[in-house]
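Survey of secondary and tertiary structure
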Amino acid sequence: MIDTQQINDILGIKEAYQLHDALETILFDKSKREKTFNDFLEVESDLSYDWFTNYFQEEQSNRKSMMQDYTPDCICKILGCIQKGDAQSVLDECSGIGGLTISTWMKDQNRIFYCEELSENSIMMLLFNLSIRGVNAYVRHGDVLTNTFDHVWKLTKNGQFSDIEEVAQGNSYKTDIVISNPPYSLKFENCESYANDPRFAYFGLPPKAKADYAFILHALSHLKEHGEAYFILPHGVLFRGAKEEKIRKQLIEKNLIDTVIGLPNKLFLNTDIPVCILVLKLNRDKHDVLFIEASKQFQKDGKKNIMLQEHIDKVISAYKLRQDVDKLSHVATLDEISNNDYNLNIPRYVDTSEPKPPIDIQKSINDLIAIEDNISNTEKSLVEMLQTLDGPCDYQQNRDNLVKHIREREQHTLSMMSQSVNDFIDKNRALLMNQKETKLLDIATFERSKKNKKYPSGSILIQVSATKGQLVYMDYDGLVDSKYGVIQTDKVEPKYLYYILDMVIPDFLRRYQTGLNINPDIFKHLKLAIHEDRCIQKMIISILDAFQVGIESEKKQIEEWKKIKAYHLDGMMI
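Worth saying up front: this structure is predicted, and the values here are computed from it rather than measured.

**Some remarks on the environment of Thr-514**
Positionally, Thr-514 belongs in the loop between helix 18 (494-512) and strand 19 (527-531). A C-alpha to C-alpha distance of 8.1 Å links Thr-514 and Gly-236, two positions 278 residues apart in sequence. Sequence-distant contacts of Thr-514, that is, excluding residues within four places in its chain, are made with Phe-239, Asn-343 and Asn-345.

**Describing the pattern of salt bridges**
Taken as a whole and assessed by the stated rule, the structure comprises 23 salt bridges. A salt bridge links Lys-281 to Asp-258, with the nearest nitrogen and oxygen atoms 3.8 Å apart. With Lys-281 in strand 9 (residues 275-281) and Asp-258 in strand 8 (residues 257-262), this pair connects stretches of sequence that are 23 residues apart. Accessibility classification places Lys-281 together with Asp-258 in one group, the buried group. In this structure, Asp-341 and Lys-524 form a salt bridge, with 2.8 Å as the shortest nitrogen-oxygen distance.

**Considering the sheet that holds strand 2 (residues 112-117)**
Taken in spatial order, the 11 strands of this open sheet run 5-4-3-2-1-6-7-9-8-10-13, and their pairing is mixed. Each of the sheet's edge strands pairs with one partner strand only, and the pair in question is strand 5 (161-167) and strand 13 (329-333). If you compare each strand with its neighbour and ignore which way they point, the axes differ by 15° on average. With five bridges connecting them, strand 8 and strand 9 associate as antiparallel partners. In the strand pairing of strand 9, Gly-262 is matched with Cys-276. Against the sheet, helix 6 (residues 73-82) contacts strand 7 (223-234), strand 8 and strand 9, and its axis sits at roughly 20° relative to strand 9.

**Comments concerning helix 6**
Three- or four-residue spacings in an α-helix give side chains the same orientation, since the helix completes a turn every 3.6 residues. Extensive coverage of helix 6 is indicated by the burial of seven of its 10 residues. Considered for burial, the residues of helix 6 that qualify are Cys-74, Ile-75, Cys-76, Ile-78, Leu-79, Gly-80 and Ile-82. Contact partners of the buried residues in helix 6: helix 7 (99-107), strand 7, strand 8, strand 9 and helix 11 (309-321).

**As for the side chain of Thr-101**
Inspection of the secondary structure assignment puts Thr-101 in helix 7. Taking the relative accessible area as the measure of exposure, Thr-101 reaches 1% and is therefore buried. Apart from the residues within four sequence positions on either side, Thr-101 is in contact with Asp-92, Phe-113, Cys-115, Leu-130 and Ile-179.

**Some details on the pairing of strand 8**
Of all six residues in strand 8, six are buried, a share of seventy percent or more. Strand direction decides the pairing type here: strand 8 and strand 10 (residues 288-293), joined by four bridges, are parallel. Residue pairing in the sheet places Ile-261 in a bridge with Ile-292 of strand 10.

**Structural notes on the packing of helix 9 (residues 212-220) against helix 10 (residues 242-253)**
It is the contact of helix 9 with helix 10, at a shortest axis distance of 10 Å, that shows an interaxial angle of 35°. Crossing of helix 9 over helix 10 shows left-handed handedness. Here helix 9 contributes Asp-212, Tyr-213, Ile-216, Leu-217 and Leu-220 to the contact with helix 10, which in turn contributes Glu-244, Ile-247, Arg-248 and Leu-251. Among the residues making up the contact of helix 9 with helix 10, the classes are represented as six nonpolar, no polar and three charged.

**Some words on the nonpolar core**
Of all hydrophobic cores here, the largest spans 67 residues; its most connected members are Phe-40, Ile-75, Ile-82, Phe-128, Val-139, Leu-263 and Ile-277. Those residues in contact with Phe-40 that sit more than four places away from it in its chain are Ile-2, Ile-7, Ile-10, Leu-11, Trp-51, Phe-52, Phe-128 and Ile-132.

**Observations concerning the packing of aromatic side chains**
What the rule picks out here adds up to 19 aromatic pairs. With a centroid separation of 6.1 Å and an interplanar angle of 35°, the aromatic rings of Phe-28 and Trp-153 are classed as tilted. With Phe-28 in the loop between helix 2 (19-27) and helix 3 (30-43) and Trp-153 in strand 4 (residues 148-158), this residue pair connects regions lying 125 residues apart in the sequence. Here Trp-153 falls in the buried class, since its relative accessible area comes to 7%. Judged by centre distance (4.9 Å) and plane angle (80°), the ring pair of Tyr-202 and Phe-203 falls under edge-to-face.

**So, helix 11**
If you check helix 11, its first and last C-alpha atoms are 18 Å apart, about what 13 residues at 1.5 Å a residue would give, namely 18 Å. Turning to helix 11, its buried residues are His-311, Ile-312, Val-315, Ile-316, Ala-318 and Tyr-319. Mapping the buried residues of helix 11 onto a view down its axis gives an arc of 160°, with all of them on the same face. Structural note: helix 11 exposes Glu-310 and Lys-320 on the side pointing more than 90 degrees away from its buried face. In the segment just after helix 11, Arg-322 is the residue with positive phi, at about 50°.

**So, a negative patch on the surface**
Negative charge collects at one region of the surface, where Asp-21, Glu-24, Glu-120 and Asp-150 lie side by side. Relative to the elements of secondary structure, Glu-120 occurs in helix 8 (residues 120-132). According to the relative accessible area criterion, Glu-120 is partly exposed, its value standing at 48%.

**Side note on the sheet that holds strand 18 (residues 484-488)**
Within a beta sheet, neighbouring strands are joined by backbone hydrogen bonds and run either parallel or antiparallel to one another. Pairing in this open sheet of four strands is antiparallel, and the strands run 15-18-16-17 from one edge to the other. Each edge of the open sheet carries a strand with a single partner, namely strand 15 (445-448) and strand 17 (471-473). Sheet twist, expressed as the mean angle between neighbouring strand axes with direction ignored, is 25°. With three bridges joining them, strand 16 (residues 460-463) and strand 17 adopt antiparallel strand pairing. Counted as the bridge partner of Ile-462 is Leu-471 from strand 17. Together, strand 16, strand 17 and strand 18 form the strand contacts of helix 18, whose direction differs from that of strand 17 by roughly 165°.

Analysis parameters
Residues numbered from 1 in each chain as written. Predicted model: local features only at pLDDT ≥ 70, side-chain atom pairs only at ≥ 80, totals over all residues. Heavy atoms only, no water. Helix = DSSP H or I, 4+ residues; strand = E, 2+ residues; numbered from the N terminus. Contact = heavy atoms within 4.5 Å. Salt bridge = Lys/Arg side-chain N within 4 Å of Asp/Glu carboxyl O. Buried < 20%, exposed > 50% of the residue type's maximum accessible area, 1.4 Å probe, protein only. Pairing = 2+ DSSP bridges. Axes fitted to C-alpha atoms, helices over the stretch in contact; angles between N-to-C directions. Left-handed = near helix turned anticlockwise from the far one by under 90°. Nonpolar A, V, L, I, M, F, W, Y, C, P; charged D, E, K, R; others polar. Core = buried A, V, L, I, M, F, W, Y, C linked by side-chain atoms within 4.5 Å. Phe/Tyr/Trp six-rings, centres within 6.5 Å; stacked < 30°, edge-to-face > 60°. Expected span 1.5 Å × (residues − 1). Arc of directions from axis to C-beta. Patch = residues over 30% accessible without salt bridge, like charges linked within 9 Å, V, L, I, M, F, W, Y side chains within 5 Å. Areas by Shrake-Rupley, 256 points an atom, 1.4 Å probe, with all protein chains shown as cover. Lys, Arg positive; Asp, Glu negative; His and termini not counted. Charge placed at Lys NZ, Arg CZ, Asp CG, Glu CD.

This is the structure we're talking about:
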């Protein structure tokens, strides 16, 4: 693989900032261009990958202002393999230095490419990458969002390389395919002034703060009748609300979204965020959406992750198979997506959770008994040793009190409780198995906590801001912090509902939570299995309360033992 120093040596430069001017001087002089190309090919003859990716990201990429992240080779390979094979023309929107174009060109070198790119730093390397490979292309230098382009260069294959000439070209061209890795969540300044732009006429304007859907709609405007678009995007496009939700809903209802592929995080050099591949197709005959969950298909490579060929093959196979595969893929009907409020968050459709290992309750009780027996034997030995120690009167008195407590204390508290519960479950198994599935909001209400409102005891609090779903049960009436939502019920015992929620909330949020905060709307999807018999509910509360008291007691006892240990050490050292 050609490295940065070799590139600089061939171009006759010492610093990366000189690259743009050096390339500009070379590219528009045919004799200089072809000599430089031949010098490069003597060092690196593999045309299947973009030679400048690492060079550009390390030296030139403008992550802060232009959100530039150049496409990792593994993603280029995936997009190259899932595209339809009969495409004759391709638009690479926000093409950077041409990584996606090169990957697509490798599949069919007779295609014509339209590459649109804004960055001055990128454009000369893009021309270089295409011309040295003999690609037929139009390179359009300008702003995709405003749809204005200052320069268009036509590249025409002539022998081994492509000639370059500047031409005039409008914006009305159409292609069979669009490929794009646009800047993630870039601001669309003056967005409102494009309200009458034909690209946004049907679906509406995207938000000013995030231009992701603006890039999508720009791409759709350039697709032929049966065209396809392949986007690399942040996951937010799958679930964000407001204007983006309206556009996403229309895309789904128009049957344009074909596939959603979730990829691992840390694939990019300049950002750790995970991304997805969003596939859109015009006039397709399927009325569903394929979801592929590939976020775990990677190998660690230092601080970054890489997808090996085996991981890439797994994604491609799932895409072509288009069937439900456990923990990997799911084909969702449009009705299913509608029931999810047009939210495309992948965990809602592909469950990758592992079943909890079964608990051998009898083994657990036996182990607990063995532990408590060991503690008891240790305490007996401690009593014998303590009785041989002498010291000041106050020390001896405390020592004698501890000896008396250890001798009289009841043993096997938790293990006996656990065994009793086990017996209770065996005797009441039929009643305990009589449960009914219900939706949370059919048996309870939910509201964001209100300032200065006093909530009654029995209310259940769930942290909804910057949260992992922490739950709190209110034993007393009181005010509630604004970071909580409040769940109240009179249909079941409140403490019983609290224990049920404590069990199911972690898995539920893993599938439905889409950020640091909880959107209260997701609770309409939360289903619970509950016992309708209030007597059973109260028995379960009593049992779980007793366990909780026992556990807290053990924790406190450990802390007190630490204090006693320190005290006796002091007494022994006098």
